[in-house]
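Residues per chain, in single letters:
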Amino acid sequence: MTKPYVKQTIENEVGYIEFFHPAHNSLPGDVLAQLAQTITDAETNDAIKVIVLKSGGDRTFCAGASFTELININDAATGKIFFSGFANVINAMRKCPKFIIGRIQGKTVGGGVGLAAATDYCMATKFASIKLSELNIGIGPFVVGPAIERKMGLSAMSQIAIDANTFYKPEWAKQKGLFTHVFESTEELDEAVKNTAEHLCTYNTEAMLEMKKVFWHGTDHWDNLLAERAATSGKLVLSEFTKEKLKGFK
């Protein structure tokens, strides 16, 4: 399948939400909006007790925001809307009363690292290197920063944000708290994700809801914070520096 999609399947009370885009799972605004809505809808679906967030394809979990859309931004308002895409998905994950397990099968960049960080429990393969490349094009990981900082700490987040050219190994990401396990193959990852999710379904849903509140304590202001961060990125993307950098991606 080569067309972008967001789809949900339910198996043994686990809701598998999968996104895909042929350009290394980079996410344009319409796919991000679909993803946020699908997560929000899963909140109230009684057939789902636990959610798994995954992407299609083999070697890339998510290459971040769509550069094709980024290149065409010509005003701050459009820029803010574009960068709000990831903000809306992260906020949907934050507010969802159900545990969200991340299945990271391959490399993840920029916004993709933010999605991984916003899951409640995240497993990966040895191919799942991470990179925050935003500074390379004259912006920064402003929208995803709070989710990454919350999960990995300010020191680790600032390290990868500044070292914007480097892919960090999944073992490093595990040491810093982003990943709980790193597996040798996608098959092993899938088995572990399935077993973990289905086991969680046997727990008290009310207890899981209360735990989720504890995990995300102190983030009630994120609706406003992430909107402000999206506006910052939306403004920076109009800079001469960024416009010049983006020409190289056309």
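Description of the structure in this document. Note that this is a predicted model, so its numbers are computed, not measured.

Inspection of every chain in the model, using the stated rule, returns 10 salt bridges. With its nearest N and O atoms 2.5 Å apart, the salt bridge here joins Arg103 to Asp190. Residue Arg103 is found in strand β5 (residues 100-104), and its partner Asp190 is found in helix α8 (residues 186-200); the two are separated by 87 residues along the sequence. Taking the relative accessible area as the measure of exposure, Arg103 reaches 6% and is therefore buried. A relative accessible area of 32% places Asp190 in the partly exposed class. Residues Lys126 and Glu184 are paired through a salt bridge, measuring 2.9 Å at the closest nitrogen-oxygen approach. Taken as a pair, Lys126 in the loop between β7 (121-125) and β8 (130-131) and Glu184 in the loop between β9 (181-183) and α8 lie far apart in primary sequence, 58 residues in all.

Each aromatic ring pair is described using two quantities: the centre-to-centre distance and the angle formed by the ring planes. Scanning all chains against the criterion turns up 6 aromatic pairs. Ring centres 5.4 Å apart and planes at 70 degrees place the aromatic pair Phe19 and Phe61 in the edge-to-face group. On the criterion of sequence distance, the pair formed by Phe19 in strand β2 (residues 14-20) and Phe61 in strand β4 (residues 60-62) is long-range, its members being 42 residues apart. Both residues of the pair, Phe19 and Phe61, belong to the buried class. Note that Arg59 overlies the ring of Phe127, its terminal NZ or CZ placed 3.8 Å from the centroid.

What counts and how
- Residues numbered from 1 in each chain as written.
- Predicted model: local features only at pLDDT ≥ 70, side-chain atom pairs only at ≥ 80, totals over all residues.
- Heavy atoms only, no water.
- Salt bridge = Lys/Arg side-chain N within 4 Å of Asp/Glu carboxyl O.
- Helix = DSSP H or I, 4+ residues; strand = E, 2+ residues; numbered from the N terminus.
- Buried < 20%, exposed > 50% of the residue type's maximum accessible area, 1.4 Å probe, protein only.
- Phe/Tyr/Trp six-rings, centres within 6.5 Å; stacked < 30°, edge-to-face > 60°.
- Lys NZ or Arg CZ within 6 Å of the ring centre and 35° of its normal.

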